[in-house]
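Structural characterization, general
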Amino acid sequence: MPRLPLPPEVDDLLRKPNPAVVATLRPDGSPHTVATWYLWDGERLLLNMDESRARLEFVRRDPRVSVTVLDAESWYRQVTLLGQVAELVDDDDLADIDRLSLHYGGEPFGHRENRRVSAWVEVESWHLWPRE
Amino acid sequence: MAPLAARVSLEAGLDLIRRGEYFAAHEVLEDVWRAAEPAERDFYQGLVHVAVAWYQAGRGNRVGAERQLEKAARRLGPYAPEHEGVDVASILEQLAAAQAIVELGSLELPPPP
């Protein structure tokens, strides 16, 4: 499957604040999925989570993830990315979650009590459905 | 890839860059890069980065553009001033100019060589 850069139709889909689901792996190998915000910078995907989230422990143990992004206008159109969490960064000033929150809702993130962590995902392969 | 085929693909890739067909240029140049001899690989990979930098900038992918410009300059540097008939020195100048534009916050890059 092709790597970076992603072709225009995939890049377009990822740049919008579309609904997405991220899959991680539990220690017993079973899949764990959850809906998520994401931000695509053209090369890597930013995910962000409360530091108490189970999936943070899962990706620390096994960095492999899969993310499916659904076109909000027609969810039958979707792109799935396969990759690895290349970097985990403490979001100390909540700058990353604010970027995500502004992207999705136009306002800074509301819950500012808990510590959060950013995960930067490097894409290794992808597929778009339906094919274009 | 035979030398003549590589030559033809290089010309095609550069022509696609000049026409602003950056995604297609990257695909053509990537094929040349993958088939290239070790001593030539950085040259072709550098040209792939040039194509991708302008592609990313055109799509508003700021971080992607920044990273690609930097990688392009790093890979192509050792091939200056000229390699395989390509004016590498001129490309490096335009990469530097593009990096300065991106640093100032714009993604409106002038057309590459």
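Here we summarise the structure given alongside this text. Bear in mind the structure is a predicted one, so any value in this text is a computation, not a measurement.

The next subject is the overall build of chain B. Scanning chain B from N- to C-terminus turns up five helices and two strands. Ordered by position from N to C terminus, the α and β elements of chain B give α-α-α-α-β-β-α. The C-alpha atoms of chain B give 13 Å as radius of gyration, which agrees with the globular expectation for 113 residues (13 Å, within 12%). Dimensions of chain B along its principal axes, counting C-alpha atoms only, are 40 × 25 × 20 Å. For chain B, the residues scored as buried account for 40% of the 113 residues in total. Long-range contacts, defined here as pairs at least 24 residues apart, represent 45% of the contacts in chain B between residues at least 6 apart.

Time to look at the sheet that holds strand 1 (residues 20–25) of chain A. Residues and elements named next belong to chain A. Read from one edge to the other, the open sheet built from seven strands follows the order 2-1-5-6-7-4-3, with strand pairing classed as antiparallel. Every interior strand has two partners, whereas the edge strands, strand 2 (31–36) and strand 3 (39–40), have only one. The sheet contact formed by strand 3 and strand 4 (residues 44–50) spans two bridges and is antiparallel. In the strand pairing of strand 4, leucine 39 is matched with leucine 46. Taken strand by strand, helix 3 (residues 95–105) contacts strand 3, strand 4 and strand 7 (116–129), and its axis lies near 105 degrees from that of strand 4.

Below, the discussion takes up the interface of chain B and chain A. The accessible area lost on association of the parts is a frequent measure of interface size. Taken residue by residue, the interface counts 10 residues in chain B and seven residues in chain A. For the side of chain B that touches chain A, the secondary-structure elements that each account for two or more residues are helix 2 (22–35), helix 3 (38–58) and helix 4 (62–76) of chain B. The class makeup of the residues in the side of chain B that touches chain A is four nonpolar, four polar and two charged.

To continue, consider the packing of helix 1 (residues 3–18) of chain B against helix 2 of chain B. All names here are of chain B. Two elements in contact, helix 1 and helix 2, have axes separated by 8 Å at closest approach and are oriented at 155 degrees. Here helix 1 lies roughly antiparallel to helix 2, going by the angle between them. For helix 1 against helix 2, the interelement crossing comes out left-handed. Counted together, Ala6, Ser9, Leu10, Ala12, Gly13, Leu16 and Ile17 of helix 1 and Tyr22, Ala24, Ala25, Val28, Leu29, Asp31, Val32 and Ala35 of helix 2 form the full contact between these two elements. Residues that form the contact of helix 1 with helix 2 fall into these classes: 12 nonpolar, two polar and one charged.

Another point: helix 5 (residues 88–103) of chain B. Because each turn of an α-helix spans 3.6 residues, side chains separated by three or four positions end up pointing in the same direction. A rise of 1.5 Å per residue sets the reference length of helix 5 of chain B, with its 16 residues, at 22 Å; its end C-alpha atoms lie 22 Å apart and thus fit the reference within 8%. Contact partners of the buried residues in helix 5 of chain B: helix 3, helix 4, strand 1 (82–83) and strand 2 (86–87) of chain B.

Another point: the environment of A:Asp96. Residues and elements named next belong to chain A. Note on placement: aspartate 96 falls in helix 3. Between the C-alpha atom of aspartate 96 and that of glutamate 124, which follows or precedes it by 28 residues, the distance is 23 Å. With residues near it in sequence (within four places) discarded, aspartate 96 still touches Leu46, Asn48, Asp91 and Ser118.

On to the pairing of strand 7 of chain A, then. Residues and elements named next belong to chain A. Both strand 4 and strand 7 contribute to a ladder of seven bridges, which runs antiparallel. Pairing of methionine 49 across the sheet is with valine 117, part of strand 7. Direction of pairing for strand 6 (residues 78–90) relative to strand 7: antiparallel, over a ladder of 12 bridges. Looking at strand 7, one finds that glycine 83 is bridged to valine 123.

Residues and elements named next belong to chain B. It is at 10 Å that the axes of helix 4 and helix 5 come closest, and there the two elements cross at 150 degrees. Of the possible angle classes, the one that applies to helix 4 and helix 5 is roughly antiparallel. Helix-helix and strand crossings are classified by hand; for helix 4 and helix 5 the assignment is left-handed. Contacts between helix 4 and helix 5 involve Arg62, Ala65, Glu66, Leu69, Ala72, Ala73 and Leu76 on the former and, on the latter, Val88, Ile91, Leu92, Leu95, Ala98, Gln99 and Val102. For the contact of helix 4 with helix 5, the per-class residue count stands at 11 nonpolar, one polar and two charged.

Procedures and definitions
Residues numbered from 1 in each chain as written. Chains lettered and ligands numbered in written order. Predicted model: local features only at pLDDT ≥ 70, side-chain atom pairs only at ≥ 80, totals over all residues. Helix = DSSP H or I, 4+ residues; strand = E, 2+ residues; numbered from the N terminus. Rg over C-alpha atoms; globule rule 2.2 N^0.38 Å. Buried ≥ 20, exposed ≤ 12 C-beta atoms within 10 Å, placed from the backbone. Contact = placed C-beta atoms within 7 Å. Pairing = 2+ DSSP bridges. Axes fitted to C-alpha atoms, helices over the stretch in contact; angles between N-to-C directions. Nonpolar A, V, L, I, M, F, W, Y, C, P; charged D, E, K, R; others polar. Parallel < 35°, antiparallel > 145°, perpendicular 65-115°, else oblique. Left-handed = near helix turned anticlockwise from the far one by under 90°. Expected span 1.5 Å × (residues − 1).

This is a description of form; function is not addressed.
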